[in-house]
Amino acid sequence: MRLFAPLAAALSAALLLVAPSVEAKPRSAAAAVRALEAGAVASPDQYGALAAQEVLKAGGNAVDAAVATGFALAVTYPEAGNLGGGGFMTVYMDGKPYFLDYRETAPAAARADMYLGPDGELVEGLSLYGGLAAGVPGTVRGLAMAHQRFGKLPWGQVLAPAIRYARDGFVVDAHLAGVLADEPPPEFAKTNFRTYFAAHKAGTLFKQPELAATLERIALVGDRAFYEGKTADLIVAQMARGPVKGLITKADLSTYKAAWRTPLVAKWRGYDVITAPPPSSGGIALMQLLLMKQNLAPMFQGVALNDPQYVHLLAEIEKRVYADRAEYLGDPDFVKVPVSNLIDPAYVARRAKEVDPAKPSATKAVQPGLEKHETTHYSIVDQWGNAVSNTYTLNGSFGSGVVVEGAGFILNNEMDDFSAKPGAPNMFGVVGGAANAIAPGKRPLSSMTPTILTKDGRVAMVIGTPGGSRIFAWVFQVLANVYDHGLSLKAAQAAPRFHHQLLPQNVIFYERSGPPSADLKAALEARGYTWTESFSGDVEAIQVLGRTPVPEPDPRARGVGLVVK
């Protein structure tokens, strides 16, 4: 404890800084239009929600609250919340859209064939478990960049809730106790995972002193304390441990950059849909899904939500979206992604005409159309009508299973999101091509789809979810449930969600929390489909009705929604 005493004292002094005064009244006519009755948060757990509430009550804005929630979840939601991963943040601030890409990057020593054996085939598990699976983390730099550009409160103040949870502990709820009690993948036995994340009974206190010290350094020095100095030394030292050595170097860490990118903004049903551009596939795919369904309105006429014909039509649409994803999408810093072509209304309309209303299209016939687990999400709005939709990830549940000794956080297994071999599926069964091949400094393709809908300059919906390759399909289905079918957000969240992704052939995935009825199952099997159980989503959404935010966490998980006045 002697090591942490100076840090703790300095941190306490830093937190005595007086927050800048925040004027609650709108600053202009346009700001008055955007203003809400209250702020709100939809978070995957109660502690992330309470961190946002604390910061919003202190006069912080949506970005302050998003940063506080992101660091809090790194402590209390360890299977996905993270310091050792990366993500995307969609921001609507003072009436303008922004997008921050803090996705992980491949280390400088990474090579396209690094997961192949002498026979040229993939070595099972090599891209998923152990140090070699980890990309260079982006979360700390991304959250810092968002705060530097838009934050109102002092940096130390927005990290304070996370530091308390790590240093003093938090009470483990039944859901997290169940997650920690689950048997991890056998490959985790070769890592130090259980040393740090042993099973905990519900109601017990979970303290993480090493993580607290890491957070205290970041609070005092900023993101540089993660990418240089002691924390960076600890990450590099961890790369040398275990049966499979990792590649991340001090140079990889010190040169990591997050990037502000132009968000994807498209029109749908009178709304501006603000969503993720590449290296996410999610925004393009979401818009293709929404527009293709709109083009096929006559086919959906009179078709009840989630009846056999409805699920079949969704599968037909999704087949084409995933064919395009595999062929065209990758890191825009390395490959040219034809974004405007893929969401061009004429192109989407042409793809919609390929849908077979009666039976599954032959998988081999569904080609790219142009001419030649575990992630988490939270949504926030503030009283000024600003919004943040943030999705960040370790990739698989608890990432690579590798904890940085002395720093207390888990490293991602994001390298599996690259196409380790063209045409070979990743952990989510999704295939990719040369556009998403591994290269030094490159960001792997993602399906994360943090999305904000606005209308006439005012926020209408903030939404996103974890779910790997299912992410944009689940966001699409909730939006369609609300705006096409007139369901309340609560009912839209509770409705069953189904998924198809081209491969495996004619397989429809259902959530284990909402299996198909016997009639639905039989009707689609008669058309040639088969069924496979999948993990459940965790859509965290806020709908704004008039000036009132309505947060609605996914009933499938341990999420919490709070209105903050």
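The shown structure was predicted, so the numbers you read here are calculated from the model rather than taken from an experiment.

### A word on the UniProt feature "active site" (unreviewed entry) in the protein
- Summarizing the sequence annotation, UniProt attributes the feature "active site" (unreviewed entry) to T375 in the numbering used throughout.
- In this fold, T375 is placed in strand β9 (residues 374-381).
- Looking at T375, the relative accessible area reads 4%, which means it is buried.
- The contact partners of T375, leaving out residues within four places of it in the chain, are A80, T391, Y392, T393, N395, M448, P466 and G467.
- A distance of 2.7 Å separates the side chain of T375 from the side chain of T393, its partner in a polar contact.

### Things to note about the packing of aromatic side chains
- If you walk through the whole model with that rule in mind, you get 25 aromatic pairs.
- Ring pairing ties together the aromatic residues Y47, Y129, Y165, F170, F188, F193, F197, F206 and F398, which thus form one cluster.
- Here K152 stacks its cationic end above the ring of W384, 5.4 Å away from the centre of that ring.
- Directly above the aromatic system of W268 lies the positively charged group of R269, at a separation of 5.9 Å from the ring centroid.

### Structural notes on empty space enclosed by the protein
- Here the largest cavity defines a volume of roughly 80 Å³.
- Forming the walls of the largest cavity are 13 residues, and the residues nearest its centre are A74, G81, G408, F409 and I410.
- For the lining of the largest cavity, the per-class residue count stands at eight nonpolar, five polar and no charged.

### Here's the deal with the pairing of strand β12 (residues 458-463)
- Within β12, five of the six residues are buried, which leaves it mostly tucked inside the rest of the structure.
- By the bridge criterion, five bridges tie strand β11 (residues 451-455) to β12 in an arrangement that is antiparallel. If you follow T454 over to β12, its bridge partner there is V459.
- Counted between consecutive antiparallel strands, the loop separating β11 from β12 contains two residues, among which D456 sits at a positive phi close to 55°.
- Sheet topology note: the β12/strand β16 (residues 541-545) ladder contains two bridges and is antiparallel. Note that in β16 the partner of V462 across the bridge is I542.

### What about helix α4 (residues 62-76)?
- The end-to-end C-alpha separation of α4 is 20 Å, in line with the 21 Å expected for 15 residues at 1.5 Å each.
- The backbone nitrogen of V63 lies 3.1 Å from a side-chain oxygen of the residue at the head of α4, namely N61.

### Remarks on the packing of α4 against helix α6 (residues 155-168)
- One way to put it is that α4 packs onto α6 with a least axis distance of 8 Å and a crossing angle of 20°. In terms of orientation, α4 lies roughly parallel with respect to α6. Crossing angle aside, the handedness with which α4 passes α6 is right-handed. Where α4 approaches α6, its residues D64, V67, A68, F71, A72, V75 and T76 are matched on the opposing element by W155, V158, L159, A162, Y165 and A166.
- A per-class count over the contact of α4 with α6 returns eleven nonpolar, one polar and one charged.

### Section: the layout of surface pockets
- Here the second largest pocket defines a volume of roughly 460 Å³.
- Contributing to the lining of the second largest pocket are 36 residues, with D416, P425, N426, M427 and F428 lying nearest its centre.

### Quick word on the nonpolar core
- The biggest cluster of nonpolar side chains holds 84 residues, and the ones touching the most others in it are F71, L83, M89, L215, I218 and F409.
- Per element, the largest residue contribution to this core is eleven residues, and it comes from α4.
- Ignoring sequence-local partners within four residues, the contact set of F71 consists of L83, V140, L143, W155, L159, A162, L215 and I218.
- Counting residues in each nonpolar core, the second largest holds 56 residues, with Y271, L290, M292 and F476 among its members.

### Examining helix α11 (residues 229-239)
- Where α11 is concerned, the buried positions are T231, A232, L234, I235, Q238 and M239. Along the axis of α11, the buried residues cluster in a sector spanning 160°; they form a single face.
- Looking at the packing, one finds that the buried side of α11 touches α9 (209-221), α10 (224-227) and α12 (250-254).

### A short note on the UniProt feature "binding site: L-glutamate" (unreviewed entry) in the protein
- Following the UniProt record, one finds the feature "binding site: L-glutamate" (unreviewed entry) at R103, T393, L394, N395, D417, S446, S447 and G468. Cross-referencing the annotated residues with the largest cavity identifies L394 as lining it.
- Along the chain, R103 turns up in the loop between β3 (96-102) and α5 (139-150).
- Excluding residues within four positions of it along the chain, R103 makes contact with G87, F88, Y256, T393, E414, D417, R443, P444, L445, S446 and M448.

### Observations concerning the confidence of the model for the protein
- Of all residues in the protein, 95% have pLDDT values of 70 or greater, and the mean over the chain is 92.
- This model gives residues 1-25 a pLDDT under 50, and the stretch forms 30 contacts once residues within four places in sequence are excluded.

### Observations regarding unusual backbone geometry
- That bond from P278 to P279 is cis: its omega, 20°, falls within 30 degrees of zero.
- Checked against the element boundaries, P279 lands in the loop between β8 (271-275) and α13 (282-295).
- Look at N395: it is not a glycine, yet its phi comes out positive at around 85°.
- Of note, N395 is situated in strand β10 (residues 387-395).

### Quick notes on the sheet that holds strand β2 (residues 86-93)
- Overall, antiparallel pairing links the seven strands, which are arranged β6-β3-β2-β10-β9-β1-β18 in an open sheet. Across the chains shown, the open sheet's two edge strands, defined by having one partner strand only, are β6 (259-261) and β18 (560-564). Each strand axis lies, on average, 15° off the axis of its neighbour in the sheet, ignoring direction.
- Strand direction decides the pairing type here: strand β1 (residues 39-43) and β9, joined by three bridges, are antiparallel. What sits directly across from V41, in β9, is I380.
- Against the sheet, helix α3 (residues 46-57) contacts β1, β9 and β18, and its axis sits at roughly 10° relative to β18.
- α4 rests against β1, β2, β9 and β10 of the sheet, and its axis sits at about 150° to β9.

Basis of the calculations
Residues numbered from 1 in each chain as written. Predicted model: local features only at pLDDT ≥ 70, side-chain atom pairs only at ≥ 80, totals over all residues. Heavy atoms only, no water. UniProt positions renumbered as here; feature names shortened; annotations may be inferred. Helix = DSSP H or I, 4+ residues; strand = E, 2+ residues; numbered from the N terminus. Buried < 20%, exposed > 50% of the residue type's maximum accessible area, 1.4 Å probe, protein only. Contact = heavy atoms within 4.5 Å. Polar contact = N/O pair within 3.5 Å; in protein donor to acceptor, adjacent residues only side chain to side chain. Phe/Tyr/Trp six-rings, centres within 6.5 Å; stacked < 30°, edge-to-face > 60°. Lys NZ or Arg CZ within 6 Å of the ring centre and 35° of its normal. 1 Å grid on protein atoms, 1.4 Å probe; cavity = no way out; pocket = protein on both sides within 12 Å on 5 of 7 lines; lining within 4 Å. Points joined across faces, edges and corners; volume = space filled by probe spheres on them. Nonpolar A, V, L, I, M, F, W, Y, C, P; charged D, E, K, R; others polar. Pairing = 2+ DSSP bridges. Expected span 1.5 Å × (residues − 1). Axes fitted to C-alpha atoms, helices over the stretch in contact; angles between N-to-C directions. Parallel < 35°, antiparallel > 145°, perpendicular 65-115°, else oblique. Left-handed = near helix turned anticlockwise from the far one by under 90°. Core = buried A, V, L, I, M, F, W, Y, C linked by side-chain atoms within 4.5 Å. Arc of directions from axis to C-beta. pLDDT = per-residue confidence, 0-100.

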